[in-house]
Amino acid sequence: MGCGQYPAYDDFLERLKIEAEQAVVRLRHHPSLVIFAGNNEDYQVAEALKLELDYSDEDPSSDFRKTNFPARHIYERVLPEIVDRLSDVFYHRGSPYSGYGKASGDKQWGDLHQWNVWHGTQEPWHNWDILAGRFVSEFGMEGYPDIRTVDFWLGDNNAERHPQSRIMNNHNKADGFERRLELYLVENFKHAFDIESYVYYTQVMQAETLASAYRLWRQHPNSVVYFTIDTILEIWATNSTLVEKKATLDVTVFDLAVPDVKTEDDVKAKSVVYHRQEQVILQPNSSTELFKGSMVPLGQPIRTKLSEVPKTLIVSTRLLDQDGTVLSRYANWPEPFKFINFPEPDALGFKVTTSDDGESVTLSTLRPMKGIVLDAEGEHVKWSDQAIDLVPGDPQTIRAVGLKGRKVKARYLGDGSA
């Protein structure tokens, strides 16, 4: 039951009880099951419609069927009894649901569906930190599927093979999706409208949106680095284990605008404007601030007016295990990306090296690269990573199950498509 309002008359309840009992018995043994939730966003809809919904009414004798929100009887009387009788799984009245007399959008209690990025007020994804809740159970950004899926629904109709066609419209059910997609695309990317490029840019946008949320909410399940930059650089790392972790913090700052970087020696002599390594200890089950300081010593001047254009500095940060293994990496780029003047593709020194077994590729570059998405002609490949940020001196090996040695194609921001 979700995103609607439901009746609670006797015949309907009898049928609902049978279905609910069968569902609980069928699902209760699954090890991944954490809760049973009574509904999806029905309390939220009731609030929007200003129905009779008094959250302070916890009187067990109250008959919610006599209100214009009768489904509350299902969520607070019928379903909890069934779940309690047939399982030992925790029952949550709905999602989102705050409890404690609070509305469903409360950020301090219960769970929260945070759709003010993409839906709602259409906030920038950079605002995730102020949009956080106690437990965010829904959030996201739309992105197109693999180009093979798009071509499947288009058939051989090349006249419809563009983002604004009728067939493309029919396969997107989000109300107002054209305005919303273009709002986020035009605010952040210099993008193209051929269908391959449109698919690519929406996918990178989706990846950036979700990654930004994970960083700003500090909820990533492994050690991950994130920070904010204006003229202040902050570096944090999260350790989700129950023991402290010793690691090496490796920070390299690249100036993207430096020309004539053609060798690894050029990278070190021209492109790198800052580098440091130090031993750090990540506190257990918490986030640890590893560094905070000014970007000014790194060559980023303080802006006194908006017309002053900042330098395009890319801050690459890695956490290394004691044996040198990369635990996590993150490259922070200036945003919005549309303002970046990327190097010409033939000046990148970008290489894709396929392994002997044809099932993995190693990526390397002489200039920082943003949002690399890999593909190959023919059948789909299962890649271990996508939307990759790549910097000099830090090659990345990507598993490519099903590649079978085929030639690899790569899309990235600044690849000449827009």
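The structure under discussion appears in the preceding block.
Residues numbered from 1 in each chain as written. Predicted model: local features only at pLDDT ≥ 70, side-chain atom pairs only at ≥ 80, totals over all residues. Heavy atoms only, no water.

Draft legend 1. Geometry of unusual backbone geometry. For the bond from Ser-95 to Pro-96, the omega torsion is 0 degrees, close enough to zero to count as cis. Cis peptide bonds are those with omega within 30 degrees of zero, and the linkage from Glu-335 to Pro-336 qualifies with 0 degrees. Tracing the backbone shows Pro-336 in the loop between strand E11 (326-332) and strand E12 (351-354). Positive phi, close to 55 degrees, is recorded for Lys-50, a residue that is not glycine. (Helix = DSSP H or I, 4+ residues; strand = E, 2+ residues; numbered from the N terminus.)

Draft legend 2. A look at the pairing of strand E13 (residues 360-364). With 4 bridges connecting them, E12 and E13 associate as antiparallel partners. Across the sheet, the residue bridging to Thr-353 is Thr-362, located in E13. Hairpin connection between E12 and E13: a loop of 5 residues separates the two successive antiparallel strands, and Gly-358 in this loop has a positive phi of roughly 70 degrees. (Pairing = 2+ DSSP bridges.)

Draft legend 3. Focus on the sheet that holds E12. The strand order across the open sheet formed by 4 strands is E12-E13-E17-E15, and the pairing between neighbours is antiparallel. Each edge of the sheet is formed by a strand with only one pairing partner; in this case those strands are E12 and strand E15 (382-383). As defined by bridge partners, E15 adjoins strand E17 (residues 396-401) across 2 bridges and the pair is classed as antiparallel. Residue pairing in the sheet places Lys-382 in a bridge with Val-401 of E17.

Draft legend 4. Expanded view of the packing of aromatic side chains. For the structure shown, the criterion picks out 19 aromatic pairs. The interplanar angle of 75 degrees and the centroid separation of 4.8 Å between the aromatic rings of Phe-139 and Trp-217 together place this pair among those described as edge-to-face. Separated by 78 residues along the polypeptide, Phe-139 in the loop between strand E4 (136-138) and helix H5 (147-154) and Trp-217 in helix H8 (residues 195-217) bring together distant segments of the chain. Trp-217 sits in the buried class, given a relative accessible area of 12%. Among the aromatic side chains, those forming a connected cluster through ring pairs are Tyr-43, Tyr-55, Phe-69, Tyr-75 and Tyr-97. The ring of Phe-64 has Arg-72 sitting right over it, with the charged end atom 4.1 Å from the ring centre. When the ring centre of Trp-118 is taken as reference, the NZ or CZ atom of Arg-180 above it lies at 4.7 Å. (Phe/Tyr/Trp six-rings, centres within 6.5 Å; stacked < 30°, edge-to-face > 60°. Buried < 20%, exposed > 50% of the residue type's maximum accessible area, 1.4 Å probe, protein only. Lys NZ or Arg CZ within 6 Å of the ring centre and 35° of its normal.)

Draft legend 5. Region of interest: helix H1 (residues 10-27). The end-to-end C-alpha separation of H1 is 26 Å, in line with the 26 Å expected for 18 residues at 1.5 Å each. Every buried residue belonging to H1 is among Phe-12, Leu-13, Leu-16, Ala-20 and Val-24, and all of these are buried. Down the axis of H1, the sector holding all buried residues measures 85 degrees, keeping them to one side. In this structure, H1 carries Asp-11, Arg-15, Glu-19, Gln-22 and Arg-26 as exposed residues pointing more than 90 degrees from its buried face. The secondary structure elements touched by the buried residues of H1 are strand E1 (35-37) and helix H3 (72-86). (Expected span 1.5 Å × (residues − 1). Arc of directions from axis to C-beta. Contact = heavy atoms within 4.5 Å.)

Draft legend 6. Quick look at the sheet that holds E11. As summarised here, the arrangement of the 4 strands in space is E8-E7-E10-E11, forming an open sheet in which the pairing is antiparallel. The sheet is open, and its two borders are formed by strand E8 (272-282) and E11, each paired with just one other strand. Recorded for the sheet is a direction-independent mean angle of 15 degrees between the axes of neighbouring strands. Across 8 bridges, the pairing between strand E7 (residues 245-255) and strand E10 (residues 313-320) is antiparallel. The residue of E10 that forms the bridge with Val-251 is Thr-317. Together, E7 and E8 form the strand contacts of helix H9 (residues 264-271), whose direction differs from that of E8 by roughly 90 degrees. (Axes fitted to C-alpha atoms, helices over the stretch in contact; angles between N-to-C directions.)

Draft legend 7. Here's a closer look at the pairing of E17. Residue alternation in E17 divides its side chains into a buried set, Gln-396, Ile-398 and Ala-400, and an unburied set, Thr-397, Arg-399 and Val-401. The pairing of E13 with E17 spans 4 bridges and is antiparallel. Across the sheet, Val-361 pairs through a bridge with Ile-398, a residue of E17.

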